[in-house]
Each structure stands twice: as C-alpha cells, then as structure tokens.
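As a plain string of letters, each chain reads:
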Amino acid sequence: MTTWANMNLQDSASPIMEQLIYFHDHALMIIIMILMVVSYMMIAMVFNKYINRFLLEGQMIELAWTIAPAVILIFIAVPSLRLLYLMDEINTPTVTLKTIGHQWYWSYEYSDFAKVEFDSYMIPQDEMDHSMFRLLDVDNRAVLPMNTFIRIIVTAADVLHSWTIPSLGVKADATPGRLNQVSFLINRPGVLYGQCSEICGANHSFMPIVIESISTNSFINWILKMNE
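Residues numbered from 1 in each chain as written. Predicted model: local features only at pLDDT ≥ 70, side-chain atom pairs only at ≥ 80, totals over all residues. Heavy atoms only, no water.

Student: It is not clear to me how the overall build of the chain should be interpreted in this structure. Could you clarify?
Tutor: Within the chain, the secondary structure is distributed over three helices and 10 strands. Rg of the C-alpha trace for the chain: 24 Å, well past the compact-globule value of 17 Å for 228 residues, more than 25% over. Expressed as lengths along the three principal axes of its C-alpha atoms, the size of the chain is roughly 85 × 40 × 35 Å. In the chain, which comprises 228 residues, the proportion classed as buried is 33%. Put simply, 65% of the contacts in the chain that link residues at least 6 apart link residues at least 24 apart. Element-wise, carbon and sulfur atoms account for 62% of the exposed surface of the chain, whose accessible area totals about 14,800 Å². Charged side chains of the chain number 12 positive and 21 negative; the gap between the two group centres comes to 7 Å. (Helix = DSSP H or I, 4+ residues; strand = E, 2+ residues; numbered from the N terminus. Rg over C-alpha atoms; globule rule 2.2 N^0.38 Å. Buried < 20%, exposed > 50% of the residue type's maximum accessible area, 1.4 Å probe, protein only. Contact = heavy atoms within 4.5 Å. Areas by Shrake-Rupley, 256 points an atom, 1.4 Å probe, with all protein chains shown as cover. Lys, Arg positive; Asp, Glu negative; His and termini not counted. Charge placed at Lys NZ, Arg CZ, Asp CG, Glu CD.)

In structure tokens, the structure reads:
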C-alpha cells in the first residue's frame, strides 16, 4: 500500500502493474527531454541578442517541427497499445470471484465453490486495534491464491461503483445490470488495499477493498473452512 510522503506509484503485485510502472517511467523520460529542449529554446530566445532572418521562415525547420513530434508520439503509442492489449487479455482463469458493489460495502461470491459468499464492511474506528489501518481495513477480506490466473466479475446492486486495487493495476466499473470482467495474476503474498474509485454517494469514502494473497494450499484450506 502507499505510505506517507510516497511520491512514487505503489509497489507492483502483478505483472501488469510492473509493465504499467515501466511505461510510466518511459513516458516520463520523454516528457522530461521535451521540457528540457523547449526550456532551453525559450531561454535562448529571451537572452539572445541576435536573430537569424532565414530561421523565421523555411521548409527545413517546418519539416523538423512536424516530423519530430510525430516520431515522439510513435515512441509513446507503440508501448501504450501493447500494454492495452495485454490488460484486455483474459487468460483461462483458475478462480473466479464475483464482486458486487452496494451502498456502501462490497459483496463477494466465489462462483467456483458452493456457499462461499460474504459481505465486506469497513471496520469502524472505535472497533479497530493498533495493527489496523484506519478507513482501509475490512471485517471480511477477499482471499485469493497467488501465482494463479484470477478473473473478477464486477457489478453493482444500486449505483455506479468502481472496484480498484492500485498495486494490481486493476480498475473495473461496477455498473447495475452489467457484468464487467478483469483478469490478473498476483505474484507475491501479502495484503493489498484499494477503495471505490467512483463517487457513489455520501459514504463513498468508507467502502474499502482488501485482498489477502496466500499460497494455493492455504487457499484450499480456507475454502474448505468456509464450506463447513
């Protein structure tokens, strides 16, 4: 999760988020180079006492400032399109989790298993202990196995919500009467935090999302325990 005074993106917990961070750094370097060149040109023009009368109008300079931005856009567009296709790809899922947004909590249903469904409410501040995170921890975490292809089916029961886990690079709109799906793979164990990213009403700030990533054996034991 993000920490105090953290200026960077959250540490990735999935291959897609790693690629998103790489693309962010790639685009940022291009933007910094453009900013340096433009700043240098502006400063040079302000302090330069001379002028080249042939530079004000000419085919070569017009060709240069037309081709250069086009090449820069290609360097940004190619990795961006590749990443978009990777994010849309749905691999054969091992586990399917249905997520339903309510005002103002989440419901989870494990579609592959019978009778495994529960609601997930934010823990009130007066019921928290020192190990919990204010406004982020919930009473029932969504438990998922790591190193496994997971499909999330997202919908809503009342108004628009948005199921978001920043460290997984996942954001899916929860729309009433519609099923949206996203796919991801969690590549490390841990507890991953997120929040509803759609302004859905008065208590929008109080419907956090918590995913607990555990090993496959521990996940099977958890499922058996939930089925008892």
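Student: Would you take a moment to explain the sheet that holds strand 4 (residues 142–145) for this structure?
Tutor: Pairing between the strands of a sheet comes from backbone hydrogen bonds, and it takes one of two forms, parallel or antiparallel. Strands sit in the order 4-10-9 across an open sheet of three strands; the sheet is mixed. For this open sheet the edge positions go to strand 4 and strand 9 (190–195), each flanked by a neighbour on one side alone. Within the sheet, the average angular offset between the axes of one strand and its neighbour, ignoring direction, is 25 degrees. Across four bridges, the pairing between strand 4 and strand 10 (residues 208–214) is parallel. Counterpart to V143 in the pairing with strand 10 is E212. Against the sheet, helix 3 (residues 216–226) makes contact with strand 4 and strand 10, and its axis sits at roughly 140 degrees relative to strand 4, the strand it touches most. (Pairing = 2+ DSSP bridges. Axes fitted to C-alpha atoms, helices over the stretch in contact; angles between N-to-C directions.)

Student: Where do I start with the nonpolar core in this structure?
Tutor: Nonpolar side chains in soluble globular proteins tend to be buried together. Counting residues in each nonpolar core, the largest one holds 34 residues, and the members touching the most others are Y110, L144, I152, W163, L168, F184 and I211. The biggest single contributor to this core is strand 5 (residues 149–156), with four residues. Leaving out residues up to four positions away in the same chain, I152 has contacts with L97, T99, L144, W163, N180, Q181, V182 and F184. (Core = buried A, V, L, I, M, F, W, Y, C linked by side-chain atoms within 4.5 Å.)

Student: Hey, could you run me through the UniProt feature "transmembrane region" (unreviewed entry) in the chain in this one?
Tutor: The sites that UniProt annotates as "transmembrane region" (unreviewed entry) are residues 27–51 and 63–85. The distance separating the terminal C-alpha atoms of residues 63–85 is 33 Å; by composition the span is 100% helix and 0% strand. (UniProt positions renumbered as here; feature names shortened; annotations may be inferred.)

Student: Would you mind going over helix 3 with me for this structure?
Tutor: Along an α-helix, a turn takes 3.6 residues, which lines up residues three or four apart on a common side. Buried residues of helix 3: F219, W222 and I223, and no others. Taken down its axis, helix 3 places every buried residue within 100 degrees of arc, on the same side. The exposed set on the far side of helix 3, more than 90 degrees from its buried face, consists of N217, N221, L224 and K225. Buried residues belonging to helix 3 abut strand 1 (95–102), strand 2 (105–110), strand 3 (117–120), strand 4 and strand 10. (Arc of directions from axis to C-beta.)

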